[in-house]
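Below, each chain spelled out in residue letters.
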Amino acid sequence: MAAKPKLHYPNGRGRMESVRWVLAAAGVEFDEEFLETKEQLQKLQDGNHLLFQQVPMVEIDGMKLVQTRSILHYIADKHHLFGKDLKERTLIDMYVEGTLDLLELIIMHPFLKPDDQQKEVVNMAQKAIIRYFPVFEKVLRDHGQRFLVGNQLSLADVILLQTILALEEKIPNILSAFPHLQEFTVKISNIPTIKKFLEPGSKKKPPPDDIYVRTVYNIFMP
């Protein structure tokens, strides 16, 4: 029996949360080794476990993968979440890249100064409503398929749902003008593997708190 993937990252969302999402969507169980100290990170670096000296890092299939997008692509391709041909893979990649740009704003939000956090929520809402969500609303409205690309779940669906739910934690009515995205959110949330991941007790991480922020600073700041 193949070993479970092992995820190396602090005990919080950050850039590893998308990896957790796609593994969960694929129905893959995984283990986690949480970084809590600068010494743990240094040990990984000194042992040549981190190609570019940074995490996320995932041990999978005898490899130590780094770079979030590369990790996501490998898992998605392995578990048939990356389209049926080059055209579909390119569409999925475009949608994922755009969504990750928006998700990055959410990831960095807890590390802003308190005075800047509320301003950034307004900025995130504006970018989501003006730049990103209209694109996906139009795709879902126009192409007549059940998912963003093709007729099966893909990485694009998973990352978009992750981003929508994270935004809804801060702006509950963020989808009020997007009925197709509302329907999409309900539908994808009820796919059995994803529904299980959204239930209490899963390895889905809660919103970042002060403890997570302090831990990250303690590990990564000089």
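It should be emphasised that the depicted structure is a prediction, and the values quoted were computed from it without experimental measurement.

(A) How the structure looks around unusual backbone geometry. Between V55 and the following residue, P56, the backbone shows a cis peptide bond with an omega angle of 10°. Turning to its location among the elements, P56 is positioned in the loop between α2 (38-46) and β3 (57-60). Residues other than glycine seldom take positive phi values, yet D61 does so here, at roughly 50°. A residue is classified by how much of its surface remains accessible, and D61, at 39% relative accessible area, is partly exposed. Its identity is not glycine, yet Q67 carries a phi of approximately 75°, on the positive side. Counting through the fold element by element, Q67 comes out in the loop between β4 (63-66) and α3 (68-78).

(B) Summary view of the UniProt feature "domain: GST N-terminal" (unreviewed entry) in the protein chain. This chain's UniProt record puts "domain: GST N-terminal" (unreviewed entry) on residues 3-83. Each end of residues 3-83 is marked by a C-alpha atom, and these two atoms are 26 Å apart; helix forms 36% of the span and strand 20%.

(C) Geometry of the domain arrangement of the protein chain. Domain annotation for the protein chain reports domain 1 (4-77 + 196-209) and domain 2 (84-190). Placing a centre on the C-alpha atoms of domain 1 and another on those of domain 2 gives a separation of 21 Å. Contacts between the two partners involve 16 residues from domain 1 and, on the opposite side, 19 residues from domain 2. Across the interface of domain 1 and domain 2, roughly 1,400 Å² is buried in total on both sides, 64% from carbon and sulfur atoms. Looking at the side of domain 1 facing domain 2, the largest losses of area belong to R15, W21 and R69, adding up to 36% of the total buried there. Connecting domain 1 to domain 2 are three salt bridges. Among the ionic pairs, E169 bridges to R13, the shortest N-O distance being 2.8 Å. Where domain 1 touches domain 2, the interface holds five residue pairs in polar contact (both at pLDDT 80 or more).

(D) The nonpolar core, seen in detail. Core analysis: the largest hydrophobic core is formed by 70 residues, its most contacted members being V19, F133, L148, L153, L155, L181 and I194. No fewer than three residues from each of domain 1 (4-77 + 196-209) and domain 2 (84-190) sit in this core. In this view, L148 contacts Y95, F136, V139, L140, H143, A156, D157, L160 and F184; residues no more than four positions away in its chain are not counted.

(E) Fine view of the UniProt feature "domain: GST C-terminal" (unreviewed entry) in the protein chain. Per the UniProt entry, the sites bearing "domain: GST C-terminal" (unreviewed entry) are residues 85-208 in this numbering. For residues 85-208, the end-to-end C-alpha separation is 37 Å, with 69% helix and 0% strand making up the annotated structure.

(F) Local environment of the sheet that holds strand β2 (residues 31-34). Across the sheet, which stays open at both edges, the four strands sit in the order β2-β1-β3-β4 with mixed pairing between neighbours. Taken across any chain shown, the strands that pair with only one partner, and hence form the sheet edges, are β2 and β4. On average, adjacent strands in this sheet sit at an angle of 20° to one another, irrespective of strand direction. As paired strands, strand β1 (residues 6-9) and β2 are joined by four bridges and run parallel to one another. Within β2, the position partnered with K6 by the bridge is D31. In the packing of α3 onto the sheet, contacts are made with β3 and β4, and the angle to β4 comes to roughly 125°.

(G) Layout of the pattern of salt bridges. Going through the model one piece at a time under the given rule, you end up with 14 salt bridges. Notably, a salt bridge pairs R20 with E17, separated by 2.7 Å at the nearest N-O pair. Here R20 pairs with E17, and both are found in helix α1 (residues 17-25), just three residues apart, close to one helical turn. Judged by its relative accessible area of 2%, E17 is buried. With a closest N to O distance of 2.7 Å, D61 and K78 form a salt bridge. Of this pair, D61 sits in the loop between β3 and β4 while K78 sits in helix α3, and the two are 17 residues apart along the sequence. Its relative accessible area of 37% is what places K78 among the partly exposed residues. Bridged by salt links that share partners, the residues E17, R20, E32 and K205 form one connected network.

What counts, and where the lines are drawn
- One numbering rule holds for all chains: residues counted from 1, following each sequence as written.
- Local features in this predicted model are restricted to residues whose pLDDT is 70 or higher, and side-chain atom pairs enter the listing and the counts only when it is 80 or higher, whereas totals over whole chains, interfaces and linings include all residues.
- As a rule here, side-chain values cover all heavy atoms of the structure and leave hydrogens and water aside.
- Numbering goes from the N terminus for both helices and strands, where a helix is a DSSP run of H or I of at least four residues and a strand is a run of E of at least two.
- Whether a residue is buried, partly exposed or exposed follows from its accessible area with a 1.4 Å probe, protein chains only, as a fraction of its type maximum: under 20%, in between, or over 50%, in that order.
- UniProt positions are given in the numbering used here, feature names are shortened, and annotations may be inferred rather than shown by experiment.
- Those domain boundaries reflect an automatic or database domain assignment.
- Whether two residues touch is decided by their heavy atoms; if any such pair falls within 4.5 Å, the residues are in contact.
- Here's the idea: put two parts together, see how much 1.4 Å probe accessible area each one loses, and the total over both is what we call buried area.
- Each reported salt bridge corresponds to a side-chain nitrogen of Lys or Arg within 4 Å of a carboxyl oxygen of Asp or Glu.
- By the criterion applied in these results, polar contacts are pairs of N or O atoms within 3.5 Å in which, for protein atoms, one can donate a hydrogen and the other can accept it, and in which residues neighboring in sequence qualify only through two side-chain atoms.
- By nonpolar core we mean a set of buried residues, namely Ala, Val, Leu, Ile, Met, Phe, Trp, Tyr and Cys, connected to one another through side-chain atoms within 4.5 Å.
- In this analysis, strands are considered paired if DSSP registers two or more bridges between them.
- Only the contacting stretch of a helix is used when fitting its axis, a line to C-alpha atoms as for every element, and angles between N-to-C directions run 0 to 180 degrees.

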